[in-house]
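# A structural walkthrough
Read off the chains here:
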Amino acid sequence: MRPVALVDARNVLRSRWPNIHEDALVRGVEQWAADEGVDPVIVFDGRAPEVATGARLIGSGRQIADDWIAAEAARLAGEGAPYWLVTSDRELRERAGGAAERVIGGGTLAAKLAR
């Protein structure tokens, strides 16, 4: 079973200056996920961008993206499904990172996407 990579989009977007454009983030995460052998779920606060991609894009709507990610991490952990968490947000790491196979900082992923 391939792990799911839960990506805190805003955290990664804002981890570099100038900020990464949403389209570039989606394309970069899609390539990174293919290289790593994970299924990417990129979670945006509010509305997800309309980008043609094989990645799963989630817009959290009125819910905070962190809450969506934490709930999804709990669901995956409850099912015994492997997942990775991509965020530098300490509070989100505490809420959603406990059962993650890997926790990757937003800046770490952004640096990989910039190559």
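Residues numbered from 1 in each chain as written. Predicted model: local features only at pLDDT ≥ 70, side-chain atom pairs only at ≥ 80, totals over all residues. Heavy atoms only, no water.

Let us now look at the environment of Arg95. Mapped onto the elements, Arg95 comes out in helix H4 (residues 90–96). Spatially, the C-alpha atom of Arg95 lies 18 Å from that of Ile42, the residues being 53 residues apart in sequence. Discounting residues that sit within four places of it in the chain, Arg95 has contacts with Asp66, Asp67 and Ala70. (Helix = DSSP H or I, 4+ residues; strand = E, 2+ residues; numbered from the N terminus. Contact = heavy atoms within 4.5 Å.)

Looking now at the packing of aromatic side chains. Note on aromatic pairs: each is described by the distance of the centres and the angle between the planes. All told, the structure shown has one aromatic pair when counted by the stated rule. Seen from the ring of Trp84, Arg102 lies directly overhead, with NZ or CZ sitting 4.4 Å from the centre. (Phe/Tyr/Trp six-rings, centres within 6.5 Å; stacked < 30°, edge-to-face > 60°. Lys NZ or Arg CZ within 6 Å of the ring centre and 35° of its normal.)

Okay, the pattern of salt bridges next. This structure, assessed with the given rule, holds seven salt bridges. Of the charged contacts in the structure, one is a salt bridge between Arg75 and Glu79, with a shortest N-O distance of 2.8 Å. Highlighted residues: Arg75 and Glu79, both in helix H3 (residues 65–79), separated by four residues, approximately one helical turn. Here Glu79 falls in the exposed class, since its relative accessible area comes to 54%. Put simply, Arg95 and Glu91 hold a salt bridge, and the shortest N to O gap is 3.5 Å. On the criterion of helical spacing, the pair formed by Arg95 and Glu91 is a turn pair, its members being four residues apart in helix H4. Arg95 sits in the partly exposed class, given a relative accessible area of 38%. In this structure Glu91 comes out as partly exposed when scored by relative accessible area, which is 41%. Connected via shared salt-bridge partners are Asp67, Glu91 and Arg95. (Salt bridge = Lys/Arg side-chain N within 4 Å of Asp/Glu carboxyl O. Buried < 20%, exposed > 50% of the residue type's maximum accessible area, 1.4 Å probe, protein only.)

Turning next to the sheet that holds strand E4 (residues 83–86). Pairing is parallel across the open sheet formed by five strands, whose spatial order is E3-E2-E1-E4-E5. If you trace the sheet from one side to the other, it starts and ends with strand E3 (56–59) and strand E5 (102–104), each paired once. Neighbour-to-neighbour, the strand axes of this sheet turn through a mean angle of 20 degrees, independent of strand direction. Bridge count for strand E1 (residues 4–8) against strand E2 (residues 39–44) is five bridges, and the pairing is parallel. Each bridged residue has a counterpart across the sheet, and for Asp8 the counterpart in E2 is Val43. Those strands touched by helix H2 (residues 22–36) are E1, E2, E3, E4 and E5, and its axis lies near 155 degrees from that of E2. (Pairing = 2+ DSSP bridges. Axes fitted to C-alpha atoms, helices over the stretch in contact; angles between N-to-C directions.)

For the bond running from Trp17 to Pro18, omega is -5 degrees, close enough to zero to count as cis. One can find Pro18 in the loop between helix H1 (9–13) and H2.

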